[in-house]
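One letter stands for each residue in the lines below.
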Amino acid sequence: AQSVTQLGSHVSVSEGALVLLRCNYSSSVPPYLFWYVQYPNQGLQLLLKYTSAATLVKGINGFEAEFKKSETSFHLTKPSAHMSDAAEYFCAVSTNSWGKLQFGAGTQVVVTP
Amino acid sequence: NAGVMQNPRHLVRRRGQEARLRCSPMKGHSHVYWYRQLPEEGLKFMVYLQKENIIDESGMPKERFSAEFPKEGPSILRIQQVVRGDSAAYFCASSLTWTSGRRYEQYFGPGTRLTVT
C-alpha cells in the first residue's frame, strides 16, 4: 500500500522568501513521485517528477524537489517566492505499473507582499 | 497542441437526474484517468481506461457511476440518479502510451464542476 502525507494544509510566505512544502510518502516498492500545482478553478499542472533518475529534480517556475529515500521525503522548494506562486500544491505518488496517482491532501500557499 | 479538454466546465443537475462528463485527451494520448475532488477532500482516483477498455475502476462507487472510452470520441463519465453528495470537481487526465519514457506524466484537464441541487 502507498500513501502520501503533506505537512501543513496552509503555508504563508513573504514575497522573496524561501518556499518549502513538505511531502512524505510510504511505499513498499520504489515510488514515482510528483508535484502538481492547482490555481483557482483550474486543473492540475505538473511541476516536476521523480522517476528513479537524479534525486534532485528541477521543475518549472523555479521549483525543485529532492528525493530522500532514507527519510521517505520529497519536499518541494523554491528559493524566492513570487506573488504568482499563490496556489494549492499537491504531492502525489505512483507505484503501480500504469501510473495510478495517489495524492496528498494539498497545501495552500499564500504569498504576502 | 491542445491540452486535455473537458466539457462542460460547469454542470448543474437536480437530484435524480443524469450527469454526463466528457473528456478529450491530448493528441497522441491513449490513456485516460478520472479523478474526483470533493469539498474539503483531496483528489481521489476513480477509474483508468484505455481505448475500449476499463483497466482499473477500483475508485469508482459501485452504483450509479460508469465510464467509457470508445474507439472514437471522448471518454465519458456517467453518473446516474445524482445525489447531493456527488457535487464535486471531476478531473480527467491523459498520458502517453506505455512505450514512451514519459508515460508517467499525467496531464490534467480544467475539470467539470458538478453541482447537484
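Note that the structure is a prediction, hence the values are computed from the model and not measured. (Residues numbered from 1 in each chain as written. Chains lettered and ligands numbered in written order. Predicted model: local features only at pLDDT ≥ 70, side-chain atom pairs only at ≥ 80, totals over all residues. Heavy atoms only, no water.)

Description of the overall build of chain A
What chain A contains, in helices and strands, is 0 helices and 11 strands. Walking chain A from its N terminus toward its C terminus, one meets helices and strands in the order β-β-β-β-β-β-β-β-β-β-β. The principal-axis extents of the C-alpha atoms in chain A amount to approximately 40 × 30 × 20 Å. The buried share among the 113 residues of chain A stands at 43%. If you average the places of the 7 positive and of the 6 negative side-chain charges in chain A, the two averages end up 9 Å apart. (Helix = DSSP H or I, 4+ residues; strand = E, 2+ residues; numbered from the N terminus. Buried < 20%, exposed > 50% of the residue type's maximum accessible area, 1.4 Å probe, protein only. Lys, Arg positive; Asp, Glu negative; His and termini not counted. Charge placed at Lys NZ, Arg CZ, Asp CG, Glu CD.)

Overview of the pairing of strand 8 (residues 73-78) of chain A
All names here are of chain A. Among the 6 residues that make up strand 8, 5 are buried, leaving the element largely enclosed by the rest of the structure. In this sheet, strand 8 lies alongside strand 3 (residues 19-26) in antiparallel orientation, the contact comprising 4 bridges. Its bridge partner being in strand 8, Leu-20 is matched across the sheet by Thr-77. Where strand 7 (residues 64-68) meets strand 8, 5 bridges bridge the pair, whose relative direction is antiparallel. (Pairing = 2+ DSSP bridges.)

Focus: the interface of chain A and chain B
Each partner contributes to the interface: chain A provides 18 residues, whereas chain B provides 19 residues. For the pairing of chain A and chain B, the buried interface totals around 1,800 Å² over both sides, and the portion due to carbon and sulfur atoms is 59%. When the buried surface of chain A facing chain B is broken down by residue, Leu-44, Trp-98 and Phe-103 of chain A rank first, second and third, together holding 32% of it. Taken together, the links from chain A to chain B amount to 1 salt bridge. Two residues, Glu-105 of chain B and Lys-49 of chain A, come together in a salt bridge whose shortest N-O distance is 2.4 Å. Put simply, the parts of the chain that give the side of chain A that touches chain B at least two residues each are strand 4 (32-38) and strand 5 (44-50) of chain A. (Contact = heavy atoms within 4.5 Å. Buried area = accessible area lost by both parts, 1.4 Å probe. Salt bridge = Lys/Arg side-chain N within 4 Å of Asp/Glu carboxyl O.)

Concerning the state of the cysteines
Evaluated as defined, the whole model comprises 2 disulfides over all chains. The disulfide partner of Cys-23 of chain A is Cys-91 of chain A, and the gap between their sulfur atoms is 1.9 Å. Looking along the S-S bond of the Cys-23 of chain A-Cys-91 of chain A disulfide, the torsion reads about -65°, which is the left-handed sense. In this pair, Cys-23 of chain A is assigned in strand 3 and Cys-91 of chain A in strand 9 (residues 87-94), connecting sequence segments 68 residues apart. By relative accessible area, Cys-91 of chain A is classed as buried at 0%. Paired through a disulfide, Cys-23 of chain B and Cys-92 of chain B show a sulfur-sulfur distance of 1.7 Å. For the disulfide bridge between Cys-23 of chain B and Cys-92 of chain B, the dihedral angle about the S-S bond is near -50°, and by the sign convention the bridge is left-handed. Residue Cys-23 of chain B is located in strand 3 (residues 19-24), and its partner Cys-92 of chain B is located in strand 9 (residues 88-95); the two are separated by 69 residues in the primary sequence. (Disulfide = S-S within 2.5 Å.)

Description of the nonpolar core
Counting residues in hydrophobic clusters, the biggest one holds 25 residues, and the most contacted among them are Trp-35, Leu-47, Leu-48, Phe-74, Leu-76 and Tyr-89 of chain A. Elements with a minimum of two residues in this core: strand 3, strand 4, strand 5, strand 7, strand 8, strand 9 and strand 11 (107-112) of chain A. Leave out the neighbours within four places in its chain, and Phe-74 of chain A touches Cys-23, Leu-33, Phe-34, Trp-35, Leu-48, Lys-49, Tyr-50, Ala-65, Glu-66 and Phe-67 of chain A. Counting residues in hydrophobic clusters, the runner-up holds 24 residues, among them Ala-19, Trp-34, Val-47 and Phe-69 of chain B. (Core = buried A, V, L, I, M, F, W, Y, C linked by side-chain atoms within 4.5 Å.)

Observations regarding the side chain of Ser-73 of chain A
All names here are of chain A. Mapping Ser-73 onto the fold places it in strand 8. Ser-73 sits in the buried class, given a relative accessible area of 1%. If near-sequence neighbours (up to four positions away) are discounted, Ser-73 is found in contact with Cys-23, Asn-24, Tyr-25, Glu-66, Phe-67 and Lys-68.

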